[in-house]
Amino acid sequence: MIRTLQFRVNPTSRQYDRLFEMRRDFWDLYNAALEERKIAWQNNRVSVSLKMQSAQLPEIREDEQYARWSATSEQQVLRRLNNAFSAFFRRVKAGQTPGYPRFKSLRHFDTLPLRHGDGAKLTIDGSTVRLYVQGVGTMKVYAHRPITGQLRNAMSLTRIGRYWYLNITVEVSETSSRIRPATGAVVGIDRGVISTAATSDGELITNPQHYRRSEKRLADKQQALSRCKRGSKRRRAVAAEVAAIHRKIRNQRRDFLHKLSHRLTADYDFIALEGLNITGMTKSAAGTLQAPGTNVAQKSGLNKSILDAGWGILHDMIRYKAEEAGAEVMTVDPKYTSQQCAKCKDTAPENRSGERFSCRACQHEDHADINAAINILNRGLDASLRDAQAA
């Protein structure tokens, strides 16, 4: 199994400045390479390949500004641009309408590619972890968790706010990843906006609504940002405050979902989830000028609540943590799970009224989300049995 781990890096003030210079030079290289491709096609209808641009690196590195950084990292910057063009042409061939690769502002160029053993080296000595980067020096890494598994060569540094984080990839064997004995317990999970999750065991896990709790403060800062003069120091300072609020909301949400997914995968050997099309569910209802949408404000509020609950994040976390714990995750069709009675299987819209479920056929009553979670579990167990029989 492949796992990506992220750790905070603690550079000195001098190293912090060098990281900024490295980021600026890589950003400049990326935009220059994009400009070369764009002009070559516009003027001469010539496609510039990754191989052609990589061949120019030795000449570029004759400039001391670029020679101080790893040549492999600079080549990875060019590869990043090439991947953007590959994705563009792939979508064109698929009949989609993709956007042409764009020039990046320094503000949005936050990831620096590294390669372990070639311009960068990660040293692990017990609980002490240090990262060497060519042109920057050796920096301390806050290893908040042990690094287990085989370290892969691809690494990167990411700037989030005023902090830098190291991203590493490790390969963990499936036999060593299981950290708990089997429990034999099974569960179905229904995701919602009032309750982040309802389990078939009857538990309702309240949605902490991190975004909603910070919405007023965020709106005030965004309004202050809109009143600042573009390019001013004040605007940059307020923009940093807005970003800090967004970052705190994201961290709070991920912390809550990490703890929830860990508990679920530690307690259950089989977890059934709905296969939700979250992108479609959170699509704007604004419509077009020719066909304007209806109930736009209500739909916008629902979209915010769905995204605030982090349905997709929870699904992904449960999946990879279940794999590590040796548990099974089954995704089922969510159609009519909220309208079907878990006892007699009668399906009708009238069975559900808000949070209450009352079956018109057998008079079974339950919380609507718990009833749906039981249906999800039953569908998951049936699908698992069919897969086992087919195998």
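Please refer to the structure higher up on the page.
Predicted model, so just to flag it, every value in this text is computed and none were measured.

Cut-offs and rules
- Residues numbered from 1 in each chain as written.
- Predicted model: local features only at pLDDT ≥ 70, side-chain atom pairs only at ≥ 80, totals over all residues.
- Heavy atoms only, no water.
- Core = buried A, V, L, I, M, F, W, Y, C linked by side-chain atoms within 4.5 Å.
- Buried < 20%, exposed > 50% of the residue type's maximum accessible area, 1.4 Å probe, protein only.
- Helix = DSSP H or I, 4+ residues; strand = E, 2+ residues; numbered from the N terminus.
- Axes fitted to C-alpha atoms, helices over the stretch in contact; angles between N-to-C directions.
- Parallel < 35°, antiparallel > 145°, perpendicular 65-115°, else oblique.
- Contact = heavy atoms within 4.5 Å.
- Nonpolar A, V, L, I, M, F, W, Y, C, P; charged D, E, K, R; others polar.
- Expected span 1.5 Å × (residues − 1).
- Pairing = 2+ DSSP bridges.
- Polar contact = N/O pair within 3.5 Å; in protein donor to acceptor, adjacent residues only side chain to side chain.
- 1 Å grid on protein atoms, 1.4 Å probe; cavity = no way out; pocket = protein on both sides within 12 Å on 5 of 7 lines; lining within 4 Å.
- Points joined across faces, edges and corners; volume = space filled by probe spheres on them.
- Salt bridge = Lys/Arg side-chain N within 4 Å of Asp/Glu carboxyl O.

Draft legend 1. Region of the structure containing the nonpolar core. Membership of the largest hydrophobic core comes to 37 residues, with the highest contact counts inside it found for Leu122, Leu131, Leu157, Leu166 and Ile168. Top element by residues in this core is helix 1 (residues 13-44). It accounts for seven residues. Listed in part, the 16 residues of the second largest apolar core include Ile189, Leu314, Ile318 and Ala322.

Draft legend 2. Just the packing of helix 7 (residues 210-226) against helix 8 (residues 233-267), in detail. It is at 9 Å that the axes of helix 7 and helix 8 come closest, and there the two elements cross at 170°. Relative to helix 8, the element helix 7 is oriented roughly antiparallel. Judged by residue contacts, His210, Tyr211, Ser214, Arg217, Leu218, Lys221, Gln222, Ala224 and Leu225 of helix 7 engage Arg235, Val238, Ala239, Glu241, Val242, Ile245, His246, Ile249, Gln252, Arg253 and Phe256 from helix 8. In the contact of helix 7 with helix 8, the residues fall into 10 nonpolar, five polar and five charged.

Draft legend 3. Representation of helix 12 (residues 368-390) in the model. Counted at 1.5 Å a residue, the expected span for helix 12 with its 23 residues is 33 Å, and the 33 Å between its end C-alpha atoms agrees. Among all positions in helix 12, only Ala368, Asp369, Ile370, Asn371, Ala372, Ala373, Asn375, Ile376, Leu377, Gly380, Ala383 and Ser384 are buried.

Draft legend 4. Local environment of the sheet that holds strand 13 (residues 352-353). With antiparallel pairing, the three strands of this open sheet are ordered in space as 13-14-15. Of all strands in the sheet, those with a lone pairing partner are strand 13 and strand 15 (365-367), marking the two edges. Bridge count for strand 13 against strand 14 (residues 356-358) is two bridges, and the pairing is antiparallel. Counterpart to Ser353 in the pairing with strand 14 is Arg356. Each of strand 13, strand 14 and strand 15 is contacted by helix 12, which is oriented at about 95° to strand 15, the strand it contacts most.

Draft legend 5. Examining the environment of His116 more closely. Its location among the elements puts His116 in the loop between strand 2 (111-115) and strand 3 (120-125). For the pair His116 and Pro98, spaced 18 residues apart in sequence, the C-alpha to C-alpha distance is 34 Å. When residues no more than four places from it in sequence are discounted, the contact partners of His116 are Lys121, Leu122, Leu151, Arg152, Asn153 and Met155. A polar contact is formed between the side chain of His116 and the backbone nitrogen of Leu122, at a distance of 3.2 Å.

Draft legend 6. Just the pairing of strand 9 (residues 195-199), in detail. In terms of burial, strand 9 is largely enclosed, as five of its five residues are buried. Across three bridges, strand 8 (residues 186-191) lies against strand 9 in antiparallel orientation. In the strand pairing of strand 9, Asp190 is matched with Ala198. Taken together, the three bridges between strand 9 and strand 10 (residues 204-206) define a ladder with antiparallel strand orientation. By the bridge assignment for strand 10, Ser195 is matched with Thr206. The antiparallel pairing of strand 9 with strand 10 creates a hairpin that spans four residues between the two strands, and Gly202 there sits at a positive phi of about 100°.

Draft legend 7. Region of interest: empty space enclosed by the protein. Applying the stated criterion across every chain yields a total of one cavity of 30 Å³ or more. The computed volume of the largest cavity comes to approximately 40 Å³. Considering the residues around the largest cavity, the lining is formed by Thr196, Asn207, Pro208, Gln209, His210, Arg253, Phe256, Leu257, Asp308 and Ala309. Taken together, the elements giving at least two residues each to the lining of the largest cavity come down to helix 8 and helix 10 (296-309). Sort the elements by how many residues they give to the lining of the largest cavity and helix 8 lands first, with three residues. For the lining of the largest cavity, a count of residues per class yields four nonpolar, four polar and two charged.

Draft legend 8. How the structure looks around the sheet that holds strand 11 (residues 270-274). Pairing is mixed in the open sheet, where five strands are placed in the order 10-9-8-11-12. Strands at the two margins of the open sheet, each flanked by one partner only, are strand 10 and strand 12 (328-332). The mean angle between the axes of side-by-side strands here comes to 20°, regardless of whether they run parallel or antiparallel. Here four bridges tie strand 8 to strand 11, and the two strands are oriented parallel to one another. When the bridges of strand 11 are listed, Val187 appears paired with Ile271. Strands in contact with helix 12 are strand 8, strand 9, strand 10, strand 11 and strand 12; relative to strand 8, the strand with the most contacts, it is inclined by about 130°.

Draft legend 9. The pattern of salt bridges, seen in detail. Enumeration according to the criterion identifies 19 salt bridges in this entry. Between Glu21 and Arg68 there is a salt bridge, with the nearest N and O atoms lying 2.8 Å from each other. Remark: Arg68 occurs in the loop between helix 4 (64-67) and helix 5 (71-93) and Glu21 occurs in helix 1; sequence separation between them is 47 residues.

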